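Each chain, letter by letter, is given below.
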Amino acid sequence: MKLIVAEHTGGKLTKATLEMVAAAQNAGGEGPVTLLVLGQGVAGVANEAAQYAEQVLVGDSAALAAYNPEVWAAAAAQIAQEGEASLVMIGGSRSGREYAPRVAVKLDAPYLEDATSLSVNGTTVQAQRYTYLARVTETVEASAPTVIVTVKPGSFAPAAPAAAAGEQYDVELELPAARTQVTGRSVEKTSRVALTEADVIVTGGRGVGSPDNFATYVEGLADRIGAGVGATRAVVDAGWRPYAEQVGQTGKTVQPKAYIALGVSGAVQHLSGMGKSKFIVAINKDAEAPIFKVADYGIVGDVNQIVPALIEAAKK
Amino acid sequence: MNILTLVRQVPDAEARVKVSGSAVDLEGATLVIDGMDEYGVEEALRLREGGANIETITALAIGPKRNEDALRTALAMGVDRAIHVETDEKLDAVALSRVVAQIAQAENITLILVGGQEADWDSQALGAATAERLGWPQLTWTNELKIEGESLSGRHDVDDGNESFSAPLPAVVTTQQGLNEPRYPTLPNIMKAKRKELRKDTLDTYGAANTVRVVNAEIQTRARMNRVIDGKDPQAAAEQLLDLLRNEAKVLA
Ligand SMILES: Cc1cc2nc3c(=O)[nH]c(=O)nc-3n(C[C@H](O)[C@H](O)[C@H](O)COP(=O)(O)OP(=O)(O)OC[C@H]3O[C@@H](n4cnc5c(N)ncnc54)[C@H](O)[C@@H]3O)c2cc1C
Ligand SMILES: Nc1ncnc2c1ncn2[C@@H]1O[C@H](COP(=O)(O)O)[C@@H](O)[C@H]1O
């Protein structure tokens, strides 16, 4: 089987999970596409999963109430082994990329990290991935009975529901106790469309000037055109914006249809997170700013003057 | 306790990357210690300076000759000794973790610090793979770290925000920007570092076999239109941009 560990939040599968389903369906290779749903009280998620996968395996228990890398790795490895999975697909999220290597070591299997394409030919799995701060695209390959892959969000078009619902099975898992204690949590919620799911993103950099300006210009424009809001690391480090909005090497990787950068210089670490956007728009007062080199459309000007005019014009 | 901190020598982030044939070509590139690894070196030193009972801080590099420079940087920053497992073979993280885990055991290590993401291969895998081999817990994307007796505490980033944690030692921690500000090696420390131990080792005894082949590398750039509008008349510029986004790119309604 091709085993996909489902990611879900708020009782729903993430878009990244549906992208993995599509990747598995189109990769070639043998065996049913199987979603593994882990958590507590996940019957709803399992039902949703059955609309997309031929088989759904459900691990529903108190031990799975909260994510922990060692627990998730044990669950995924056990099911992969029992089901003789040829492919184990895990989300290319922060959490996915932290437990996937543990699964690979447990199964003594090769690990292809952060794949943007995937093809299976017999026991050989080939994938592409971005390296050198996303400036290079490498093709990597591994041959083994089981190969572990993490899939970069936004790289595949999400799967559509299948005509017939898949079968659901409960699974018994032998799980280790979590050794890491979570002593506090700060969740960064936004009422806007999630960054990795947005078609249009408006991002503000230090050039926006202040937290107040960020609210007026960046959020103002985003709300006017129904876009998600992003930020550069400089702005996050300055405490203007939450980390959840950071785009770049150490933030999120996004690939929207349009990425509108306001007062962003275009450092390589930032470009590595948004450089694959379909259209890039830059507004910056410095005509030499590196962001213009990757921009399709740009305005050389002051965000304080241009953005109010844009918000006004967008009303029409 | 003993700390192992992993370092690598990589192309500077601002350096132009080039591809020759089907592989990345580092010829002529400016090489530096991986910024992510520098946070690990700095953190090890700070933990000691903060009063944790740390006997030896060892920097480890596995890779080609150039990594010696990263080890020299770590020694000059203040680590006690260095180990270089020299090989020209590019090993994947699962294979590398075999080497790191064996060295950690041989050196009686309690805490391993690993860069959160490699500046060249963009991989985040080695820390977790090593933790699994050793049967240790791991904390990734750490931006605050304390040692209290036999346990670690701190804060790290997770999918939707951040968490405070505590975890038993031994453990693997991956580092990132924000954890600290790495120090610059001073001239006296650079001189002193020349006398510190840099042990050379080979891959032979570790049984680390690569399983991931790089079959091609290319620089794919999307051609950009670079249509730049002068913003002297903000209103006209704004209207022109909106028109392009709506009617040419068709990305806005
Ligand atoms: C290990 C590492 C990881 C990193 N990870 C990330 C990451 O994930 N994401 C990220 O974004 N960065 C990251 N960085 C930081 C990155 O190198 C840059 O420092 C950062 O992206 C710069 O943010 P900025 O563009 O907002 O600020 P600046 O570079 O200060 O640019 C501000 C821009 O605004 C323009 N400007 C100023 N005033 C105005 C005005 N009134 N109107 C219009 N334009 C104006 C200026 O011309 C300038 O181009 C990382 C760095 C390191 C070392
Ligand atoms: N060849 C190597 N030698 C020493 N450390 C390494 C090597 N490869 C990776 N690392 C360390 O592992 C981090 C992430 O590696 P990985 O998990 O393989 O992506 C790097 O930033 C280094 O700290």
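Residues numbered from 1 in each chain as written. Chains lettered and ligands numbered in written order. Predicted model: local features only at pLDDT ≥ 70, side-chain atom pairs only at ≥ 80, totals over all residues. Heavy atoms only, no water.

Focus on the overall build of chain A
Then step 1. When helices and strands are tallied, chain A shows 8 helices and 18 strands.
Then step 2. Taken over C-alpha atoms, the radius of gyration comes to 21 Å for chain A, in line with the 20 Å a tight globule of 316 residues would show.
Then step 3. Seen through its C-alpha atoms, chain A measures out along the principal axes to roughly 60 × 40 × 40 Å.
Then step 4. Here chain A holds 316 residues, and the buried ones make up 60% of them.
Then step 5. Contacts in chain A between residues at least 24 apart in sequence constitute 62% of all its contacts with a sequence separation of at least 6.
Then step 6. For chain A, the accessible surface area stands at approximately 11900 Å², while carbon and sulfur atoms represent 48% of it. (Helix = DSSP H or I, 4+ residues; strand = E, 2+ residues; numbered from the N terminus. Rg over C-alpha atoms; globule rule 2.2 N^0.38 Å. Buried < 20%, exposed > 50% of the residue type's maximum accessible area, 1.4 Å probe, protein only. Contact = heavy atoms within 4.5 Å. Areas by Shrake-Rupley, 256 points an atom, 1.4 Å probe, with all protein chains shown as cover.)

Looking at the interface of chain A and chain B
Then step 1. Across the contact, 83 residues belong to chain A and 81 residues belong to chain B.
Then step 2. Buried surface at the junction of chain A and chain B, both sides included, amounts to about 6900 Å², of which 51% is carbon and sulfur.
Then step 3. Summed over the three residues of chain A that lose the most area to chain B, namely A:R94, A:Y132 and A:Y297, the buried surface amounts to 12% of that side.
Then step 4. At the boundary of chain A with chain B, the tally comes to 8 salt bridges.
Then step 5. A salt bridge links A:R102 to B:E132; its shortest N-O distance comes to 2.8 Å.
Then step 6. Put simply, chain A and chain B have 52 residue pairs in polar contact (both at pLDDT 80 or more) between them.
Then step 7. Per element, the largest residue contribution to the side of chain A that touches chain B is 9 residues, and it comes from helix α4 (residues 94-107) of chain A.
Then step 8. Summarising the sheet, strand β13 (residues 181-187) of chain A and strand β11 (residues 161-168) of chain B pair through 6 bridges and their orientation is antiparallel. Bridged to A:G184 within β11(B) is B:S164. (Buried area = accessible area lost by both parts, 1.4 Å probe. Salt bridge = Lys/Arg side-chain N within 4 Å of Asp/Glu carboxyl O. Polar contact = N/O pair within 3.5 Å; in protein donor to acceptor, adjacent residues only side chain to side chain. Pairing = 2+ DSSP bridges.)

Points about the domain arrangement of chain B
Then step 1. On domain assignment, one finds that chain B holds domain 1 (2-206) and domain 2 (222-253).
Then step 2. Here the C-alpha centroids of domain 1 of chain B and domain 2 of chain B sit 45 Å apart. (Domains from an automatic or database assignment.)

Quick notes on a nonpolar patch on the surface
Then step 1. Taken together, B:L187, B:I190 and B:M191 make up a surface patch of nonpolar side chains, about 280 Å² in accessible area.
Then step 2. Take B:I190: it is sitting in helix α5 (residues 187-193). (Patch = residues over 30% accessible without salt bridge, like charges linked within 9 Å, V, L, I, M, F, W, Y side chains within 5 Å.)

Here's the deal with the pattern of salt bridges
Then step 1. For the structure shown, the criterion picks out 36 salt bridges over all chains.
Then step 2. Here B:K200 makes a salt bridge to B:E68, at a shortest N to O gap of 2.5 Å. Taken together, the residues B:K200 in strand β13 (residues 198-202) and B:E68 in helix α2 (residues 67-77) connect sequence positions 132 residues apart.
Then step 3. The exposure class assigned to B:K200 is partly exposed, which follows from its relative accessible area of 41%.
Then step 4. Taken together, the shared-partner salt bridges in this structure form one network comprising A:R192, A:E219, A:D223, A:R241 and A:E245.

Thoughts on the site of ligand 2
All names here are of chain B.
Then step 1. Taken together, 18 residues form the shell around ligand 2, and within it D37, I62, S123, A125 and L126 come nearest.
Then step 2. Between ligand 2 and D37 there is a distance of 2.7 Å, counted from an oxygen atom to a side-chain nitrogen or oxygen.
Then step 3. At a separation of 3.4 Å, an oxygen atom of ligand 2 approaches a polar backbone atom of Q124.
Then step 4. Relative to its free-state accessible area of 470 Å², ligand 2 is covered by the protein chains to the extent of 97%.
Then step 5. Of all elements in the fold, only β6 (56-63), α3 (93-106), β8 (111-115) and α4 (126-134) reach the threshold of two or more residues within the shell around ligand 2.
Then step 6. It is β6 that contributes the most residues to the shell around ligand 2, 3 residues altogether.
Then step 7. Counted by class, the shell around ligand 2 contains 10 nonpolar, 4 polar and 4 charged residues. (Near = heavy atom within 4 Å. Nonpolar A, V, L, I, M, F, W, Y, C, P; charged D, E, K, R; others polar.)

What about the side chain of B:E68?
Then step 1. On the accessibility criterion, B:E68 (17% relative accessible area) is buried.
Then step 2. Contacts of B:E68, omitting those with residues within four sequence positions, involve B:H84, B:E86, B:L198 and B:K200.

Quick look at the sheet that holds strand β14 (residues 213-218) of chain B
Then step 1. Spatially, β8(A)-β9(A)-β10(A)-β14(B) is the arrangement adopted by the 4 strands of the open sheet, whose pairing is antiparallel. Looking at the sheet topology across the chains shown, the edges are occupied by β8 (117-121) of chain A together with β14 of chain B. For this sheet, the mean angle separating the axes of adjacent strands, direction not counted, is 20 degrees.
Then step 2. Pairing of β8(A) with strand β9 (residues 124-131) of chain A involves 5 bridges; the strand directions are antiparallel. Bridging across to β9(A), A:S117 finds its partner in A:Q128. (Axes fitted to C-alpha atoms, helices over the stretch in contact; angles between N-to-C directions.)

Remarks on the domain arrangement of chain A
All names here are of chain A.
Then step 1. Partitioning chain A into structural domains gives domain 1 (2-170) and domain 2 (195-314).
Then step 2. Just the C-alpha atoms count here: the centres of domain 1 and domain 2 sit 31 Å apart.
Then step 3. Across the boundary between the two partners, domain 1 contributes 11 residues, which contact 10 residues of domain 2.
Then step 4. For the domain 1 face of the interface with domain 2, the top three residues by lost area are K15, R94 and L133, together amounting to 49%.
Then step 5. Where domain 1 meets domain 2, there are 0 salt bridges.
Then step 6. The tally of links from domain 1 across to domain 2 stands at 4 residue pairs in polar contact (both at pLDDT 80 or more).
Then step 7. Looking at the side of domain 1 that touches domain 2 residue by residue, the classes come out as 4 nonpolar, 3 polar and 4 charged.

As for the sheet that holds strand β15 (residues 228-231) of chain A
Then step 1. An order of β15(A)-β14(A)-β16(A)-β17(A)-β18(A)-β15(B) is seen for the 6 strands of this open sheet, with the pairing classed as parallel. Edge positions in the open sheet fall to β15 of chain A together with β15 (227-230) of chain B, since each of these has one partner strand only. Strand after strand, the sheet turns through a mean of 20 degrees between neighbouring axes, direction not considered.
Then step 2. Both strand β18 (residues 297-300) of chain A and β15(B) contribute to a ladder of 4 bridges, which runs parallel. Opposite A:Y297, over in β15(B), you have B:R227 as the bridge partner.

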